[in-house]
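# Observations on the model geometry
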Amino acid sequence: MNPFLKSYGRQSIDEEDIQAVAEALRSDFLTTGPKVEEFEKKFSEYIGCKHAIAVANGTAALELAVQCLQLSPGSEVIVTPLTFMASANCILYNNLKPVFCDIDIKTLNINPEKTEAKITKKTKAILYVDFGGRPCEIDKLSKIAKKHNLYLIEDACHAVGGGYHGKKLGCLADLTTFSFHPVKTITTGEGGMVTTENDEFAERIRMLRNHGMLKNDKLKLRKYGKDAFYEYDMAYLGRNYRLTDMQCALGISQLKKIESFIEKRAKLVELYNKLFKGVRGISTPLANIDKENKYSWHLYYILLDKGINKNKFLNFMKSKGVGAHSFYIPIYNFSYYQERLGLGKEIKKEYPAAEEAFSRIVILPLFPSMSEEDVKYIVECAKETIKAIKEVRT
Ligand SMILES: *Cc1c(COP(=O)(O)O)cnc(C)c1O
């Protein structure tokens, strides 16, 4: 059996990737060198967007995407609760208030029909996540944003290479963020990217990833003399969120293979759907997709019927060596959020779809180096598991 099936995701690294990193290590620049610019250029060409700014990870990308909007403290940002915590943490980093909006159980994405009711005078942006690589209903969200004068931030950390109505994700929202963590579509170890069409946002993010620093040649006001070549200023409270040249070299090499990675994932998903067809006790939402959008297939998941105990299911699968998993815990359940936002136990009732999704979702392994045999094995295990659970019950 494939030992890597113990995790739900895994990187695909080949000799070409290793050579690319080795070459960067032998070059003059380990960071802030030509590989960074090259990766940004190739990534923006791939997406078809004006600006791509490489940063240390997807979380940093989100933080800077929110920060560059320069919203006043206490402004509200509407966000899905069914996501990795970083999607909402980036709002808190900026002293803004996350306002959760329930999801659509069919897509696990933010429900545009419920979004408008969350808008107040303080709302400044909507941050949506393309869950598992399924694009959100971006046209509906854009309409709402336009009507209420809100920014759109797309957390496309699951959806590198995804597309919506013929366009790549990354040029549709005001700002889009990507992650290159090893479980994501392509990897740089740790790494992230922000894309935007907006020149001002792009310039600010470039400064923010480098301490908010303004170099000598960009200074408008001279404080230390015209010939002070050493002069620099700090315009914003930035960070060190730079990505290294070794990582960008890996990113360039990985980007060449992105379409084959996505195709491989799509084939595995197709097989999962085929083998799960008619299996009782579960449903397979990923068998029903809108054909006009391109999925990047970050995750494969099933939903257990309400009578099937999720913990039992996961533990059975684990005992068979399959890294079935369950996420995301809706963010308003975390103690930090409950304390900071003063949420009570009743909060769950406001998000029935997110609660239902988390109570039923099982994520199954999906990564390009998996074989058809692996998928068959996992589906067989899932069937046995359902049978075993039902037998225990009766
Ligand atoms: C992975 C991920 C992030 C964070 O990316 P990192 O590179 O791990 O910091 C943010 N949002 C979502 C939805 C993610 O899946």
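Looking at the ligand, there are 16 residues lining it, with Gly58, Thr59, Asp155, Ser179 and Lys184 nearest. Here His158 contributes a side-chain N or O atom positioned 2.8 Å from an oxygen atom of the ligand. At a separation of 2.7 Å, an oxygen atom of the ligand approaches a polar side-chain atom of Ser179. Looking at the shell around the ligand, the elements that each hand over two or more residues are helix 3 (58-67) and helix 4 (86-93). No other element matches the three residues that helix 3 contributes to the shell around the ligand. Across the shell around the ligand, the residue classes tally to six nonpolar, eight polar and two charged.

The strand order across the open sheet formed by seven strands is 1-9-8-5-4-2-3, and the pairing between neighbours is mixed. One side of each edge strand has no neighbouring strand; the edge strands of this open sheet are strand 1 (51-55) and strand 3 (97-100). Within this sheet the neighbouring strands show an average axis-to-axis angle of 25 degrees, counted without direction. Sheet topology places strand 5 (residues 151-155) next to strand 8 (residues 175-179); three bridges connect them, and they run parallel. Across the sheet, Ile153 pairs through a bridge with Leu175, a residue of strand 8. Its contacts with the sheet put helix 4 on strand 2 (76-79), strand 3, strand 4 (123-129) and strand 5, and the angle it makes with strand 3 is roughly 145 degrees.

Counted according to the given criterion, the structure contains zero disulfides. Not part of a disulfide, Cys49 finds its nearest cysteine sulfur in Cys171, a span of 6.8 Å. Judged by its relative accessible area of 9%, Cys49 falls in the buried class. Here Cys157 stays unpaired: no disulfide links it, and the sulfur of Cys90, its closest cysteine neighbor, is 9.5 Å away. Here Cys157 falls in the buried class, since its relative accessible area comes to 7%.

The next point concerns a nonpolar patch on the surface. Residues Tyr224, Phe229 and Tyr230 make up a contiguous nonpolar surface patch of about 430 Å² in total accessible area. Tracing the backbone shows Tyr230 in the loop between strand 10 (213-214) and strand 11 (233-234). Given the relative accessible area of 48%, Tyr230 is considered partly exposed.

Turning our eyes to something else, we now look at the packing of aromatic side chains. Tallying each qualifying case throughout the model produces 19 aromatic pairs. Between Tyr272 and Tyr300, the ring centres sit 4.2 Å apart and the planes meet at 10 degrees, which makes this aromatic pair stacked. Separated by 28 residues along the polypeptide, Tyr272 in helix 9 (residues 258-276) and Tyr300 in strand 13 (residues 300-304) bring together distant segments of the chain. Taken as a pair, Tyr272 and Tyr300 share a single burial class, namely buried. Aromatic side chains Tyr332 and Tyr351 sit 4.6 Å apart centroid to centroid with 20 degrees between the ring planes, which places their arrangement in the stacked category. Of this pair, Tyr332 sits in the loop between helix 10 (310-319) and helix 11 (335-340) while Tyr351 sits in the loop between helix 11 and helix 12 (352-360), placing them 19 residues apart in sequence. What makes Tyr332 buried here is its relative accessible area of 0%. In this structure an aromatic cluster arises from ring pairing among Tyr8, Phe84, Phe131, Tyr301, Phe327 and Tyr328. When the ring centre of Tyr46 is taken as reference, the NZ or CZ atom of Lys168 above it lies at 4.2 Å. Cation over ring: Lys310 sits above Phe358, and NZ or CZ is 3.5 Å from the ring centre.

Each value, and the rule that gives it
- Residues numbered from 1 in each chain as written.
- Predicted model: local features only at pLDDT ≥ 70, side-chain atom pairs only at ≥ 80, totals over all residues.
- Heavy atoms only, no water.
- Near = heavy atom within 4 Å.
- Polar contact = N/O pair within 3.5 Å; in protein donor to acceptor, adjacent residues only side chain to side chain.
- Helix = DSSP H or I, 4+ residues; strand = E, 2+ residues; numbered from the N terminus.
- Nonpolar A, V, L, I, M, F, W, Y, C, P; charged D, E, K, R; others polar.
- Pairing = 2+ DSSP bridges.
- Axes fitted to C-alpha atoms, helices over the stretch in contact; angles between N-to-C directions.
- Contact = heavy atoms within 4.5 Å.
- Disulfide = S-S within 2.5 Å.
- Buried < 20%, exposed > 50% of the residue type's maximum accessible area, 1.4 Å probe, protein only.
- Patch = residues over 30% accessible without salt bridge, like charges linked within 9 Å, V, L, I, M, F, W, Y side chains within 5 Å.
- Areas by Shrake-Rupley, 256 points an atom, 1.4 Å probe, with all protein chains shown as cover.
- Salt bridge = Lys/Arg side-chain N within 4 Å of Asp/Glu carboxyl O.
- Phe/Tyr/Trp six-rings, centres within 6.5 Å; stacked < 30°, edge-to-face > 60°.
- Lys NZ or Arg CZ within 6 Å of the ring centre and 35° of its normal.

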